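# Descriptive analysis of the structure
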Amino acid sequence: QVQLVESGGGLVQAGGSLRLSCAASGRTFSSYAMGWFRQAPGKEREFVATSGSGGYTYYADSVKGRFTIYRDNAKNTVYLQMNSLKPEDTAVYYCAAGRKIGRVTREYDYWGQGTQVTVSS
């Protein structure tokens, strides 16, 4: 079992930055792929970024060049640095852990409770 706790969300103006953190329980954090997804009101949960156990990273086209995912295996934590935020980035952001790196929700077994990010124009 893996428990995930996100933090770092909040309200920011367009063009600003936020860093989300996701702390994971368990001793096998480094073997998991860690992903970030987001869900805006009335929309489906969508892929944002993922970091595999081997160091590979993938991003949604909508955030490429603005967001960076990175992990600190010693701290069992994965981060999402979000720069140049836009109002359309407003959503609840979820951290997820899975055995295989992927871009769809069904490939992840464990989920955090989510953290709200609101970008004002």
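Here, the structure is the one placed above.
Residues numbered from 1 in each chain as written. Predicted model: local features only at pLDDT ≥ 70, side-chain atom pairs only at ≥ 80, totals over all residues. Heavy atoms only, no water.

Another point: the state of the cysteines. The bond known as a disulfide is covalent and runs between the sulfur atoms of two cysteines. With the rule as written, the count across this model stands at 1 disulfide. The disulfide partner of cysteine 22 is cysteine 95, and the gap between their sulfur atoms is 2.1 Å. Between cysteine 22 and cysteine 95, the disulfide has an S-S torsion of -75° and is therefore left-handed. Residue cysteine 22 is found in strand β3 (residues 18-24), and its partner cysteine 95 is found in strand β9 (residues 91-98); the two are separated by 73 residues along the sequence. (Disulfide = S-S within 2.5 Å. Helix = DSSP H or I, 4+ residues; strand = E, 2+ residues; numbered from the N terminus.)

Relative to the assigned elements, threonine 115 resides in strand β11 (residues 115-120). A polar contact is formed between the side chain of threonine 115 and the backbone nitrogen of glycine 9, at a distance of 3.2 Å. (Polar contact = N/O pair within 3.5 Å; in protein donor to acceptor, adjacent residues only side chain to side chain.)

The next subject is the side chain of asparagine 76. Relative to the helices and strands, asparagine 76 resides in the loop between β7 (67-72) and β8 (77-82). Sequence-distant contacts of asparagine 76, defined by excluding residues within four places in its chain, comprise Cys22, Ala23, Ala24, Ser25, Gly26 and Phe29. (Contact = heavy atoms within 4.5 Å.)

A few words now on the pattern of salt bridges. Counted according to the given criterion, the structure contains 4 salt bridges. A salt bridge links arginine 38 to glutamate 46; its shortest N-O distance comes to 2.6 Å. When the shortest N-O distance is used, the salt bridge between aspartate 89 and arginine 66 registers 2.8 Å. On the criterion of sequence distance, the pair formed by aspartate 89 in the loop between β8 and β9 and arginine 66 in the loop between β6 (57-59) and β7 is long-range, its members being 23 residues apart. Salt bridges sharing partners connect three or more residues here, namely Arg38, Glu46, Arg66 and Asp89. (Salt bridge = Lys/Arg side-chain N within 4 Å of Asp/Glu carboxyl O.)

Taken as a whole, this structure holds 6 aromatic pairs when the rule is applied. Ring geometry for tyrosine 32 versus tyrosine 110: centroids 6.2 Å apart, planes at 75°, classification edge-to-face. Of this pair, tyrosine 32 sits in the loop between β3 and β4 (33-39) while tyrosine 110 sits in strand β10 (residues 110-111); the two residues are 78 residues apart in sequence, bridging distant segments of the chain. Among the residues examined, tyrosine 32 registers a relative accessible area of 5% and is labelled buried. Centre to centre, the rings of tyrosine 108 and tryptophan 111 are 6.3 Å apart; their planes meet at 65°, and the pair counts as edge-to-face. Residue tyrosine 108 is classed as buried on the basis of its relative accessible area, which comes to 5%. Tryptophan 111 sits in the partly exposed class, given a relative accessible area of 27%. Here the aromatic cluster, defined as three or more aromatic residues joined through ring pairs, consists of Phe37, Phe47, Tyr108 and Trp111. Note that arginine 45 overlies the ring of tyrosine 94, its terminal NZ or CZ placed 3.6 Å from the centroid. When the ring centre of phenylalanine 29 is taken as reference, the NZ or CZ atom of arginine 71 above it lies at 4.8 Å. (Phe/Tyr/Trp six-rings, centres within 6.5 Å; stacked < 30°, edge-to-face > 60°. Buried < 20%, exposed > 50% of the residue type's maximum accessible area, 1.4 Å probe, protein only. Lys NZ or Arg CZ within 6 Å of the ring centre and 35° of its normal.)

With antiparallel pairing, 4 strands are arranged side by side in an open sheet as β1-β3-β8-β7. Each having just a single partner strand, β1 (4-7) and β7 make up the two edges of the open sheet. Averaged over neighbouring strand pairs, the angle between their axes works out to 15° when direction is ignored. Note that β3 and β8 share 6 bridges and pair antiparallel. Residue pairing in the sheet places alanine 23 in a bridge with threonine 77 of β8. (Pairing = 2+ DSSP bridges. Axes fitted to C-alpha atoms, helices over the stretch in contact; angles between N-to-C directions.)

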